[in-house]
Structure formats: C-alpha cells, structure tokens
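Below are the chains, spelled out letter by letter.
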Amino acid sequence: MDVRLGDILEMKKPHPCGSKEWLVLRVGMDFRLRCQGCGHEVMLPRSKAEKNIKKILREEERP
C-alpha cells in the first residue's frame, strides 16, 4: 500500500473523539498518525494500520 507523508487516512473505525481521519507524520515499519479531530498522536505497526485503512486522501486531491 502506498502511504506517504502528509496523506490523510480515513480509517474503518472512528477514534473515541468521533473523527475517522488521521494525518500521516511518519512512514516506515511503523506509522505515526495524528487524529484530525483531537490532535492525539499514535504509533501503529504498518500491518495493523494498513488493515484498518478505508481510503487514502492525497494532498493534491484535497480541496
């Protein structure tokens, strides 16, 4: 899966704050993500993150 820095990931399940969108801050074996709703940051293993991605919004595609 092609995930890049600055992408917004729409996940299958919402964060407890209600937002499903996460900003990608780091890419590698782990992803560092920031919730677009509350600003909470998490590190997830790539395998777990890729399994939960519903849609990738690229920087060029956003309004």
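Report on the accompanying structure. In this text, all values refer to a predicted model and were calculated from it rather than measured experimentally.

1. Some remarks on the overall build of the protein
- The helix and strand tally for the protein stands at one helix and five strands.
- Mapped from its N terminus to its C terminus, the protein presents α and β elements in the order β-β-β-β-α-β.
- The C-alpha radius of gyration computed for the protein amounts to 11 Å, which stays within 12% of the reference 11 Å derived for 63 residues, consistent with globular compactness.
- Projected onto its principal axes, the C-alpha coordinates of the protein cover approximately 25 × 25 × 20 Å.
- Each of the 63 residues in the protein was classed as buried or not, and the buried ones make up 30%.
- The long-range share in the protein, meaning contacts at least 24 apart out of those at least 6 apart in sequence, stands at 35%.
- Side-chain charges in the protein split into 14 positive and 10 negative, and the spacing between the mean points of these groups amounts to 7 Å.

2. Some details on the sheet that holds strand β4 (residues 41–45)
- Spatially, the five strands line up as an open sheet ordered β4-β3-β2-β1-β5, and their pairing is antiparallel. Every other strand in the sheet has two partners, leaving β4 and β5 (53–57) as the edge strands with one partner each. The average undirected angle you get between the axes of adjacent strands in this sheet is 35°.
- The pairing of strand β3 (residues 30–35) with β4 spans five bridges and is classified as antiparallel. Bridge pairing in β4 links F31 to L44.

3. Topic: the side chain of D7
- Structurally, D7 is set in the segment before β1 (8–11).
- Given a relative accessible area of 2%, D7 falls into the buried group.
- Within the structure, the side chain of D7 is placed 2.9 Å from the backbone nitrogen of R4, a separation counted as a polar contact.

4. Some words on the nonpolar core
- Counting 11 residues, the largest nonpolar core is built from V3, L9, M11, W22, V24, F31, L33, C35, L44, A49 and I53.
- Looking at this core, the elements with two or more residues in it are β1, β2 (21–26) and β3.
- Here the element with the most residues in this core is β3; it accounts for three residues.

Procedures and definitions
Residues numbered from 1 in each chain as written. Predicted model: local features only at pLDDT ≥ 70, side-chain atom pairs only at ≥ 80, totals over all residues. Heavy atoms only, no water. Helix = DSSP H or I, 4+ residues; strand = E, 2+ residues; numbered from the N terminus. Rg over C-alpha atoms; globule rule 2.2 N^0.38 Å. Buried < 20%, exposed > 50% of the residue type's maximum accessible area, 1.4 Å probe, protein only. Contact = heavy atoms within 4.5 Å. Lys, Arg positive; Asp, Glu negative; His and termini not counted. Charge placed at Lys NZ, Arg CZ, Asp CG, Glu CD. Pairing = 2+ DSSP bridges. Axes fitted to C-alpha atoms, helices over the stretch in contact; angles between N-to-C directions. Polar contact = N/O pair within 3.5 Å; in protein donor to acceptor, adjacent residues only side chain to side chain. Core = buried A, V, L, I, M, F, W, Y, C linked by side-chain atoms within 4.5 Å.

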